[in-house]
Each structure stands twice: as structure tokens, then as C-alpha cells.
Amino acid sequence: MTALGTGSTVRPHDKKRIGSLDGVRGLCAMVVVITHVAFSTGVVLGSESGPPQKGIWSILSVGAEVGLGPFFILSGMLLYKPFARATLGGARKPVLGEFFLRRGLRLMPAYWLLTAVCLLLLNYSSINSIWYVLRPILLMQDYDYVWYAGMDPTWTIPTEAQFYLVLPLLAWLMHWLAGRVVDPAQKIRRMMIPLAVMIVVGFLFTGYMHMESMGPWPPEYWWPFSRLGLFGIGMGLAILSVRAEQSPGEMPALYRLAIRRPNLFWVGALAAYLVNCTSPLGKWGTWDYGTPQFAMLQHISFLAFAFLLMVPLVAPDASSPLMDKVLTNRPTRFLGRISYGIYLWHFVVMYLWFQSGSIFGAPPVPAAFLVGKVGFWEMLAVVVAGTLVIATVSYYFFERPLLNWGERVIKKRRDARSAADTGGSRPAVEENEPKRASV
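Summarised in this report is the structure supplied together with it. In this text the structure is predicted, and so the values were computed from the model without any measurement.

What counts and how
Residues numbered from 1 in each chain as written. Predicted model: local features only at pLDDT ≥ 70, side-chain atom pairs only at ≥ 80, totals over all residues. Heavy atoms only, no water. Helix = DSSP H or I, 4+ residues; strand = E, 2+ residues; numbered from the N terminus. Buried < 20%, exposed > 50% of the residue type's maximum accessible area, 1.4 Å probe, protein only. Contact = heavy atoms within 4.5 Å. Axes fitted to C-alpha atoms, helices over the stretch in contact; angles between N-to-C directions. Parallel < 35°, antiparallel > 145°, perpendicular 65-115°, else oblique. Left-handed = near helix turned anticlockwise from the far one by under 90°. Nonpolar A, V, L, I, M, F, W, Y, C, P; charged D, E, K, R; others polar. Salt bridge = Lys/Arg side-chain N within 4 Å of Asp/Glu carboxyl O. Patch = residues over 30% accessible without salt bridge, like charges linked within 9 Å, V, L, I, M, F, W, Y side chains within 5 Å. Areas by Shrake-Rupley, 256 points an atom, 1.4 Å probe, with all protein chains shown as cover. 1 Å grid on protein atoms, 1.4 Å probe; cavity = no way out; pocket = protein on both sides within 12 Å on 5 of 7 lines; lining within 4 Å. Points joined across faces, edges and corners; volume = space filled by probe spheres on them.

**Points about the environment of T115**
- For T115, the location among the structural elements is in helix 4 (residues 96-122).
- Judged by its relative accessible area of 2%, T115 is buried.
- Spatially, the C-alpha atom of T115 lies 9.6 Å from that of T154, the residues being 39 residues apart in sequence.
- Dropping the residues within four chain positions of it, T115 is found in contact with P136, I137 and M151.

**Some details on the packing of helix 7 (residues 184-209) against helix 8 (residues 228-246)**
- At their nearest, the axes of helix 7 and helix 8 sit 7 Å apart, and the two run at 165° to each other. For the element pair helix 7 / helix 8, the angle class is roughly antiparallel. For helix 7 against helix 8, the interelement crossing comes out left-handed. On the side of helix 7, the interface is formed by P184, I188, M191, M192, L195, M198, I199 and V201, while helix 8 contributes L228, G229, F231, G232, I233, M235, G236, I239, L240 and R243.
- Classifying every residue of the contact of helix 7 with helix 8 by side-chain character gives 14 nonpolar, three polar and one charged.

**Overview of the pattern of salt bridges**
- Throughout the structure, instances matching the rule amount to ten salt bridges.
- Between E245 and R85 there is a salt bridge, with the nearest N and O atoms lying 2.9 Å from each other. With E245 in helix 8 and R85 in helix 3 (residues 69-89), this pair connects stretches of sequence that are 160 residues apart.
- For R85, a relative accessible area of 13% gives the class buried.

**Some points on a nonpolar patch on the surface**
- Judged by side-chain polarity, L120, L121, Y124, I127, L352, I359 and F360 come together as a nonpolar surface patch covering roughly 640 Å² of accessible area.
- Here L352 lies in helix 14 (residues 339-354).
- Assessed through its relative accessible area of 33%, L352 is described here as partly exposed.

**A closer look at the layout of surface pockets**
- Put simply, the second largest pocket is a space of about 770 Å³.
- What lines the second largest pocket is a set of 28 residues, and nearest its centre among them are V31, I34, L60, A64 and Y273.
- Taken together, the elements giving at least two residues each to the lining of the second largest pocket come down to helix 1 (14-40), helix 2 (56-63), helix 10 (262-278), helix 11 (292-314), helix 12 (321-327) and helix 15 (376-422).
- A total of six residues in the lining of the second largest pocket trace back to one element, the largest contributor, which is helix 1.
- Split by residue class, the lining of the second largest pocket holds 22 nonpolar, five polar and one charged.

Note that every value here comes from positions in space, so none of it alone points to a role or purpose.
See below:
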């Protein structure tokens, strides 16, 4: 869901790290697809339908909801890291115009393309006002939650976009807090204060959403506040990574442990996933909304899974044969490259296969009401194949050309500023200038 942020020149040991982050994107995107197919084919149902319909497979599918969390941690870590370098090491602050151009081009054009296709093919007969069309274009569908066929997972796009808008303000606040002390350890502790507040707010809002007076699946469920903790954890990892870069001899204890025992963190992530599978304080293998107590425990498992999965992937020089084989092989890295398209388009393929939508002569019906029409394995094969084709075409013929165009615009503006500053002579490349476009 996010691109690598601009930062220092890619170092030799960073190439494996970038490969592993591509790989984890790809695997998490496929986990999201599998989870949604399971929910749409009756592998997972509400408890009113009785015990889990597919036994252990229903239980494992419910637990796979944790696969979304690493995307938010990646956004927080990769996008805040250049700001952290500026605060802790005196590097050049990111240029906000360039930051917003890159973020906008990475997130919005592909999403708007999906919106246009869904409105025309699936939801055309449901259009009853100009606001029905403008609502998803302006990323407002989360706030009076309105369902659009094919756009089911895009509730995360407003959350991501709003984080982009807020991040520079958070970075400014953290820079101000750190600037009031000299000791690096004190700087880090002060920078962590807003992140701790974000985590607490995430817990409080999760509990608030699940109060009985709110009812099941209220519109507030889709608001971004319960995901603040994931963004905050990612930003915290960015701070620790910068500290490790600047002072390898004072490596944070968390990263020292990740270097010595990387697989231990993945064992912990597996445990967090299994906790979510068993739904403590809830009902196994169901998609029930749950009590505040259930929601809080689930929230902990989401945070723990994403955190434990990501730490050994971002700690300098932490690696294991298991992680390398799972994440850095070519197929997995390719999935990571097109992961945004996988995330955006898999529900479109699903509704087309269900033949649910305006293109088939009737208003669309939500996937939850189409359970039983298609089996899990048939739907999974169709959705994976169709989504991979669409996501590949989208990335190579739409997303990447736009990203490359944005990099050319940024380079042209930088060259113009440099020429003006040096009276027309070409300056040397700055040490922290990225030497390749980040996509």
C-alpha cells in the first residue's frame, strides 16, 4: 500500500532489506485476498449460522485478518524515516512539495481508476446524485459509510491519505520536542511521546466503537483512529533504525535481539496470529462484531503480529535463511511490486465472477449475501488469476509511468533550484540525495 520513502542513498546491505519489505507486502496482500474470498464463500460466517462451517479452515481464515496491519506499519516507518534522520542526524528535511507529490501519485491515480471502473460497471444503476459519485472520489465514503460494490477494501485509502497529511505535523511536533534536549537518548524518548499517545488513542477508540450503544459495525468502525497505533509503531521503528544507522555501537536493545534471534520474533508473530484465530472472549471461526473486551484483545493481537513480523525485517543486518527464502524470492518480490493493485482490484474480480452489478442488469448485491453461489477454491483461483493480470497491467502501464513522471518533475525542480543557487553551474550530488526513483 505504500512506496519506499525518499531518504539516504541505498546502501549495499539495504538491498536485501528492500527485497524483504517487497516480499512482506506481497505475502500480506495475498493473505488479504484469501481472507476476503473465505468471507465471501461461506468459509467464515456469523455465529448465528452455527459452529464454524469449515472447522479449522474457518478458524484459520478468521485469524488471517491480522495480515492488514503490516501495511500501516510500513507506511509509518518508511515515510517518517527521512524526517527522523533530519531530527536525529541533521540531515536535510524532506521537501513537503516533493513528499506530497510522491504520496499523491502513489495512492490516488490507481484508486481513482478503480473508482471509475466500479461506478461505471458495478454501481451505475445505484447512482442517485452527484454526491454518490463525488463521495469516493473525495475519500469521504468512510464517514457516512456507503457501500460501493468492488470498492469493499478501500476504506483503508482515506486512512492512508489522512496519515500522509498529518505526518508532517507529527514530524514537526517530534522535532520540536527533541530539539529541547541535546542527549540523543533523551531526544528519542521525547520523540516517542506522541507515538505512545497514538497507541493509547487507538486502544481507546477501539473500545469506544464496540460499546453496545454504538451497535454492530457502526460507521465509526471505518474511521482511522483505531489504526493510529500501527502507524505509531512504524514511526517508532523508524526512529530506532535511524539511531542504529548513526551509532552502530549503541544499537537499540530491540534490534540487538532481532539480530541474534530473528526467527524468535516470527514465532511471536505466529503466536499473535493463533490468538486471533481462537478469538478469546469471542466465538471461534465467526465474523461476529464482539464485545469491547473481545475487541481490545483482538486489537492487541493485531498490533503484536504486525510489530513482531516487521522488527527483524527492519533491524540492520538481521536476517535468517527462513526469512530470505520466504520473502526475497522473485515471485514474492513481484507480488510486492504489484501489491497495491492486488489490494485494490480483487473485489472487482469477485463481483464480476458472481455476476453482481449494473453491468449484469441489476443493482449489485454485497458478497455477504452471495455466499454459496461459488465454492472457495473456484473463487480463489479466479480471483487470484484475474487480480494478478489486472494488477500487473495497472502497475506497468499506469502506476509506474506516473511515478516516473513525478520523479522527473521533482528532478527538474531540484535542478532549477540548484542552478539558481549556484549561478548556473551544476552542483555536486548531495550525500543524502536518492539515486533512484522510489516506487
